[in-house]
Amino acid sequence: MSSAFLELKDLQIILSGDTIIKDMSFQVRKNTLTTLLGPSGSGKTTVLRAIAGLNTKVQGQILLDGQEIQNRPANQRHMGMVFQSYALFPNMTVFDNVAYGLRVKKVAHDEINRAVTAILTTVNLADKQQAYPANLSGGQQQRVAIARAMVLKPKLLLLDEPLSALDAQTRVDLRDQIRDYQQKLGITMLFVTHDQAEAMAISDDIIVMNAGTVQQQGNPMTIYGHPQNVFMAQFIGHHNLLTGAELQGLGCHQAKGTPIATDKHYIIRPELFLTQEPQDTPSIAIAGTIVAAHMIGDRLRYRFQATNQTELRVECLNQQAPWSIGTMLTLHLKETDLQEVGALNA
């Protein structure tokens, strides 16, 4: 019997004659924050809406806590949903917005007061109970929307790009708060985003989608460090994606003890280049010139042109004087840091 809390089996969604989701299957563990990550148009929101019951034109199975729900109406799926737009009632106070769902369920007055006060305390809005949405910042309004969903104690909380309308700093602050809420309350969350940094920062598990299919599922370290195919290597992080022939041109002949194959793609993570030859493992030396340099906060990012004209991305922590454009140097790379990710025509 599956240990998954949420499970999709062979999900297919056809809209206006086009197959949007193609035989998709994945699992979500209980009390975790799992993220659907992918480029725009990959089908993330379509899948989320199918799980919520807002899109019923689906084939396949959706199971929640062991029970099939694909044929149940949305109001019988015991889920909460937070949208990109806050969707708050402008004529209601913060308290009344959060209490709305409980009142619809005809929960007792005293229980509503207790539950709403508790959840507003959790999201640090206890002092805003009588404020109206127009008097709140964007981040505060989204916290109200999250509180409104959480107060109903859903089995599963779905969040559809809830931070995309916020400024950069508020977005970072609120993503961390969402992770705190999830851990403090033990809620199972399924979070949709196209932002890799966001997904990496808060997720227990990441499901990467492209063109209506799952490309890879795993924890953030696995998704970043061990991409399973060329799409993953191009989409996640800033890998150098090279053909076997290009690697051979740089002097690389082995990758993790296996000969470089000219019909394969390989990746090199930009931060794995060394300025000194390692003594404990076989490595290669690549001579070349710095042709571009950028400071990215705590990191320095370079374009490095090898003597055979192959360009590489190189990154290091911003803890040293940066190399200037035109600097000639030799970088070193461990053979164990080369990773094959698929055939050239895959």
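Remember, predicted model here, so these are calculated numbers, not experimental data.

## Regarding the nonpolar core
One finds Val98, Val116, Leu120, Met150, Leu157, Ile178 and Met189 to be the most contacted residues of the largest nonpolar core, which totals 36 residues. Among the elements of the structure, helix H2 (94-104), helix H3 (109-122), helix H4 (138-150), strand E7 (156-160), helix H5 (168-185) and strand E8 (189-193) are those that each provide at least two residues to this core. The element contributing the most residues to this core is H4, with 6 residues. If we skip the residues at most four places from it in the chain, leucine 157 touches Gly80, Met81, Val82, Ala149, Met150, Ile187, Thr188, Met189 and Leu190. Membership of the second largest hydrophobic core comes to 27 residues, among which are Met24, Val28, Val58 and Leu64.

## Some thoughts on the packing of H2 against H4
Interaxial distance between H2 and H4 falls to 7 Å at its minimum, and their mutual angle equals 30°. On the basis of the axis angle, H2 is roughly parallel to H4. In terms of crossing hand, the pair formed by H2 and H4 is right-handed. Facing Val94, Asn97 and Val98 of H2, the residues of H4 in contact are Val144, Ala147 and Arg148. By residue class, the composition of the contact of H2 with H4 is 4 nonpolar, 1 polar and 1 charged.

## What about the pairing of strand E3 (residues 33-37)?
Here E3 lies mainly inside the structure; 5 of its 5 residues are buried. Residues Leu33, Thr35 and Leu37 line one face of E3 and the alternating positions Thr34 and Leu36 line the opposite face, and both faces are buried. As defined by bridge partners, E3 adjoins E8 across 5 bridges and the pair is classed as parallel. Pairing of leucine 36 across the sheet is with valine 192, part of E8. In terms of strand pairing, E3 meets strand E9 (residues 205-210) through 4 bridges, oriented parallel.

## Here we look at the side chain of asparagine 97
With respect to the helices and strands, asparagine 97 occurs in helix H2. Asparagine 97 gets classed as buried once you look at its relative accessible area, which sits at 0%.

## Details of the pattern of salt bridges
Taken as a whole, this structure holds 10 salt bridges when the rule is applied. For the salt bridge of arginine 171 with glutamate 198, the shortest nitrogen-to-oxygen distance reads 2.6 Å. Of this pair, arginine 171 sits in helix H5 while glutamate 198 sits in helix H6 (residues 196-202), and the two are 27 residues apart along the sequence. Assigned by exposure class, arginine 171 and glutamate 198 land together as buried. Between arginine 175 and aspartate 176 there is a salt bridge, and its shortest N-O distance comes to 3.6 Å. Here the salt bridges do not stand alone but share partners, grouping Arg171, Asp195 and Glu198 into one network.

## Some details on the sheet that holds strand E15 (residues 283-296)
Read across the sheet, 4 strands follow the order E17-E16-E15-E18 without closing on themselves; strand pairing throughout is antiparallel. Each having just a single partner strand, strand E17 (311-317) and strand E18 (328-334) make up the two edges of the open sheet. Averaged over all neighbouring strand pairs, the angle between strand axes comes to 50°, with direction disregarded. Relative to strand E16 (residues 299-306), E15 runs antiparallel, the two sharing 8 bridges. From the neighbouring strand, glycine 288 faces E16, where its bridge partner is alanine 306.

Rules of the game
- Residue positions are given per chain, counting from 1 as you read along its sequence in written order.
- For this predicted model, a pLDDT threshold of at least 70 governs which residues receive local features, and a threshold of 80 or more governs which side-chain atom pairs are given and counted, while totals over whole chains, interfaces and linings are taken from all residues.
- No hydrogens and no water enter the side-chain calculation; it runs on all heavy atoms of the structure.
- Buried residues of nine kinds, namely Ala, Val, Leu, Ile, Met, Phe, Trp, Tyr and Cys, make up a nonpolar core once their side-chain atoms join them within 4.5 Å.
- Relative accessible area decides the class of each residue, using a 1.4 Å probe on protein chains only: under 20% of the type maximum gives buried, over 50% gives exposed, and in between gives partly exposed.
- Comment: elements are numbered from the N terminus, with helices defined as DSSP H or I runs of at least four residues and strands as E runs of at least two.
- Every residue pair with non-hydrogen atoms within 4.5 Å of one another is taken to be in contact.
- What counts as an axis is a line fitted to C-alpha atoms, over the stretch in contact for a helix, and the angles between N-to-C directions run from 0 to 180 degrees.
- The scheme is simple: roughly parallel for angles under 35 degrees, roughly antiparallel for over 145, roughly perpendicular for 65 to 115, oblique for anything else.
- Two helices that cross are described as forming a left-handed crossing if the nearer one is turned anticlockwise from the farther one by less than a right angle, and a right-handed crossing if clockwise.
- We call Asp, Glu, Lys and Arg charged. Ala, Val, Leu, Ile, Met, Phe, Trp, Tyr, Cys and Pro are nonpolar, and the rest, Gly among them, are polar.
- In this scheme, strands are said to pair when DSSP sees at least two bridges between them.
- For this analysis, a salt bridge means a side-chain nitrogen from Lys or Arg found within 4 Å of a carboxyl oxygen belonging to Asp or Glu.

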